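Breakdown of the fold
Listed below, chain by chain, are the residues.
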Amino acid sequence: MIRWFTVCGLVVFSLSEGRTAEPSRTNFVIILCDDLGYGDLGCFGHPHIQTRHLDKLASEGWRLTDCYAAAPVCSPSRAGMLTGRIPNRMGIYDWIPERSPMHLKSGEITIAALLKQVGYQTCHVGKWHCNGHFNSTEQPQPSDHGFDHWFSTQNNAAPSHKNPVNFVRNGQQVGPLEGYSSQIIVDESIRWLGERDKSRPFLLLVWLHSPHEPVATANPFVAPYASVAQTPQQAEYFGNVTQLDHEVGRLLKSLDDDHLAENTFVYFSSDNGPETLNRYKGSERSYGSPNPLRGMKLHMYEGGIRVPGIIRWPGHTKPAQTVNEPVVSYDLLPTLCAISGAKPPADRPLDGTSLLPLFDRGTVTRTKPIYWQYDRAIGGKNRVAIRSGDWKLLANDDLSTFELYNLQNDIAETQNLAASEPSRLSEMATQLRKLHSEVKAESPSWPEGPGTGPKGAK
């Protein structure tokens with residue numbers, strides 16, 4: 001007779017003779033899209049885009065309504081997810097161009113490095129964007145940050161997301177590839193899953209390029225939207241989201257086929273909000289939806305940082321639940337450490353909070369607010385923001401003017417309550433100034449180089 005029970009997030013079984021077998025340790029799959037808007041999925045209310053695989057994933061787990069990226073732009077968001085820290089602490093202030101001196105320093109400790117110490121196999125597939133000198137000894141690469149296997153690009157797939165030529169596998173240029181980047185990324189992920197050591201748990205990061213510009217979509221995914229899209233470019237975008245959904249479905253099926261799904265924690269999200277409308281002249285990119293949020297990518301309003309989120313962890317997430325607790329991507333490091341038994345670093349500030357209590361009692365207790373800073377933000381003067389409970393405070397760069405919103409009552413941030421809530425404003429402004437000062441004191445500066453000057457982000 002076998003009895004199943006859980007201990008600290010690990011599935012354990014006891015045999016009838018009284019012996020306890022080795023725990024079956026939780027695997028982790030982290031799927032990150034690029035510029036996917038809060039309203040771009042069927043399960044998040046898009047009126048046209050079909051995302052049946054992600055809708056099914058949400059029906060099998062949690063749909064996170066208050067899920068946040070660590071920043072409203074790509075490189076800082078990714079660095080925050082990897083380290084559990086506010087990206088500005090590490091000097092990742094903006095997107096990282098090629099040859100930029102900006103990079104995730106070797107002294108930063110990532111999820112991969114921590115899980116590797118407790119026996120996990122680790123793999124990164126897709127967009128890296130955490131350094132400017134990619135596949136070079138001049139800066140740390142994915143292998144230097146704990147990844148046993150990596151199949152990655154510095155930024156976008158080039159020269160297009162169709163038939164790219166710039167993927168690197170474990171330091172070796174791969175050369176021209178046929179197909180679309182999402183398909184290529186998932187092919188590599190499935191191959192790695194099949195070839196890994198089956199006796200050990202794993203961490204797999206699948207960081208898709210889609211639906212970032214330049215959009216490239218196979219015709220069968222575009223055709224269904226010809227009658228509902230306003231332009232051929234919009235149909236291309238809608239189809240691109242459906243195409244990435246199709247590829248995520250293939251990845252999830254591979255977990256099912258290998259009998260891994262029941263013991264795998266799957267997290268799906270986006271690195272920031274949808275591309276700001278018409279920022280690229282003639283682009284086929286600006287058709288993502290932040291609905292019902294204010295702002296888009298590069299904004300400090302919700303549309304820039306609130307993103308679709310889904311967690312499926314069988315035995316821990318009840319099917320078809322909607323979870324309204326605020327969650328941010330830099331919560332992943334402490335969460336995965338708590339589940340795996342890895343010890344988070346104690347020699348530096350961590351800004352994320354373990355979500356493990358969320359699975360047990362439905363709430364998370366934070367010791368500090370969720371914090372964002374983007375000094376090149378557009379859409380107004382706000383450059384810094386915090387969220388504490390239902391309340392969000394935004395501030396300009398010298399923290400002299402504020403906007404205050406109750407997101408529970410005003411998700412679109414239309415009613416600035418700074419004048420009518422003086423006590424709350426004062427309390428949250430004190431919290432914001434304290435965190436801002438701590439982050440600024442830790443933030444490094446970089447030599448002059450691409451992406452470090454005063455011009456705006458891309």
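Shown above is the structure to which this text applies.
The notes below deal with the structure included here. (Residues numbered from 1 in each chain as written. Predicted model: local features only at pLDDT ≥ 70, side-chain atom pairs only at ≥ 80, totals over all residues. Heavy atoms only, no water.)

**Remarks on the overall build of the chain**
Put simply, the rule reads: Only DSSP runs of H or I covering at least 4 residues are called helices, and only runs of E covering at least 2 are called strands; the numbering of each starts at the N terminus. Atoms counted for the radius of gyration: C-alpha only. Globule rule: 2.2 Å times residue count to the power 0.38. Burial classes: relative accessible area under 20% of the type maximum marks a residue as buried, over 50% as exposed, and values in between as partly exposed (1.4 Å probe, protein chains only). Residues are treated as being in contact if the distance between any of their heavy atoms lies within 4.5 Å. Under the convention used here, Asp and Glu are negative, Lys and Arg are positive, and both His and the chain ends fall outside the count. By convention, the charge on Lys lies at NZ, on Arg at CZ, on Asp at CG and on Glu at CD.
If you tally the helices and strands in the chain, you get 10 helices and 17 strands. Over its C-alpha trace the chain gives a radius of gyration of 21 Å, about what one expects of a compact globule, namely 23 Å for 458 residues. If you line up the chain on its principal axes, its C-alpha atoms span 70 × 50 × 50 Å. Looking at the 458 residues of the chain, the share that counts as buried comes to 60%. Once local pairs closer than 6 in sequence are excluded, the contacts in the chain between residues at least 24 apart make up 68%. Computed over 45 positive and 48 negative side-chain charges, the separation of the two mean positions in the chain equals 2 Å.

**Observations regarding the environment of S400**
What counts here: Here a polar contact means two N or O atoms within 3.5 Å. Within protein one must be a hydrogen donor candidate and the other an acceptor candidate, and residues neighboring in sequence count only if both atoms are side-chain atoms.
With respect to the secondary-structure elements, S400 resides in the loop between β16 (391-395) and β17 (402-406). A sequence separation of 179 residues divides S400 from F221, and the C-alpha atoms of the two residues are 48 Å apart. Side chain to side chain, S400 and D398 meet in a polar contact 2.6 Å long.

**Here we look at the sheet that holds strand β15 (residues 384-388)**
Keep this limit in mind: Two strands pair if DSSP finds at least two bridges between them. Every axis in this analysis is a line fitted to C-alpha atoms, fitted for helices over the stretch in contact. Angles between the N-to-C directions lie between 0 and 180 degrees.
Within the open sheet, the 4 strands sit side by side as β14-β15-β16-β17. Their pairing is antiparallel. The sheet terminates laterally at β14 (370-373) and β17, the two strands that pair on one side only. Across the sheet, the mean angle from the axis of one strand to that of its neighbour is 15°, orientation sign disregarded. In this structure, β15 lies alongside β16, joined through 5 bridges in antiparallel fashion. Looking at the pairing, R387 lines up with K392 of β16.

**A closer look at the nonpolar core**
The following threshold applies: Residue types Ala, Val, Leu, Ile, Met, Phe, Trp, Tyr and Cys, when buried and joined through side-chain atoms within 4.5 Å, form a set referred to as a nonpolar core.
If you look at the biggest cluster of nonpolar residues, it comprises 49 residues, and the most contacted ones within it are L203, F265, Y267 and L336. If one sorts the elements of this core by residue count, helix α8 (residues 332-340) sits on top with 5 residues. For L336, the residues in contact, after removing those within four places along its chain, are F28, I30, I111, L115, L203 and F265.

**A closer look at the environment of N170**
Here N170 shows up in the loop between β7 (168-169) and β8 (172-173). Judged by its relative accessible area of 34%, N170 falls in the partly exposed class. Between the C-alpha atoms of N170 and S152, which are 18 residues apart in sequence, the distance is 8.5 Å. A polar side-chain atom of N170 sits 2.8 Å from the main-chain amide nitrogen of W150.

**Side note on the packing of aromatic side chains**
Defined as follows: Here a Phe, Tyr or Trp ring, Trp counted by its six-membered ring, pairs with any other such ring whose centre lies within 6.5 Å, and the pair is stacked when the planes are under 30 degrees apart, edge-to-face when over 60, and tilted otherwise. The criterion for a charge sitting over a ring is simple: Lys NZ or Arg CZ within 6 Å of the ring centre, and within 35 degrees of the ring normal.
Inspection of every chain in the model, using the stated rule, returns 14 aromatic pairs. Considering the side-chain rings of W192 and F202, the 6.0 Å spacing of their centres and the 85° angle between planes classify their relative orientation as edge-to-face. Highlighted residues: W192 in helix α4 (residues 181-195) and F202 in strand β9 (residues 202-207), separated in sequence by 10 residues. For F202, a relative accessible area of 0% translates into the label buried. Cluster of aromatic residues (ring-pair linked, three or more members): F28, W62, Y120, F265, W313 and F359. For the cation-ring pair, R294 lies above Y301, with the distance from its terminal atom to the ring centre recorded as 3.7 Å. Note that R306 overlies the ring of Y38, its terminal NZ or CZ placed 5.9 Å from the centroid.

**Some details on the packing of helix α1 (residues 52-60) against helix α6 (residues 232-257)**
Heads up, the condition is: What sets the label is the angle itself: under 35 degrees gives roughly parallel, over 145 gives roughly antiparallel, 65 to 115 gives roughly perpendicular, and the rest give oblique. Note that Gly is not counted as nonpolar here; it falls among the polar residues with everything else outside the nonpolar set of Ala, Val, Leu, Ile, Met, Phe, Trp, Tyr, Cys and Pro and the charged set of Asp, Glu, Lys and Arg.
Interhelical geometry of α1 versus α6 gives an angle of 50° and a closest axis separation of 7 Å. Taken as axis vectors, α1 and α6 run oblique relative to one another. Along its contact with α1, which presents R52, H53, L54 and L57, the element α6 presents L244, D245, H246, V248, G249 and L252. Per-class residue counts for the contact of α1 with α6 are 5 nonpolar, 3 polar and 2 charged.

**What to know about the packing of α4 against α6**
Contact geometry of α4 with α6 gives a least axis separation of 9 Å together with a crossing angle of 5°. Relative to α6, the element α4 is oriented roughly parallel. Within the contact between the two elements, α4 uses S182, Q183, V186, D187, S189, I190 and L193 and α6 uses L244, E247, R250, L251, S254 and L255. Tallied by class, residues from the contact of α4 with α6 come to 6 nonpolar, 4 polar and 3 charged.

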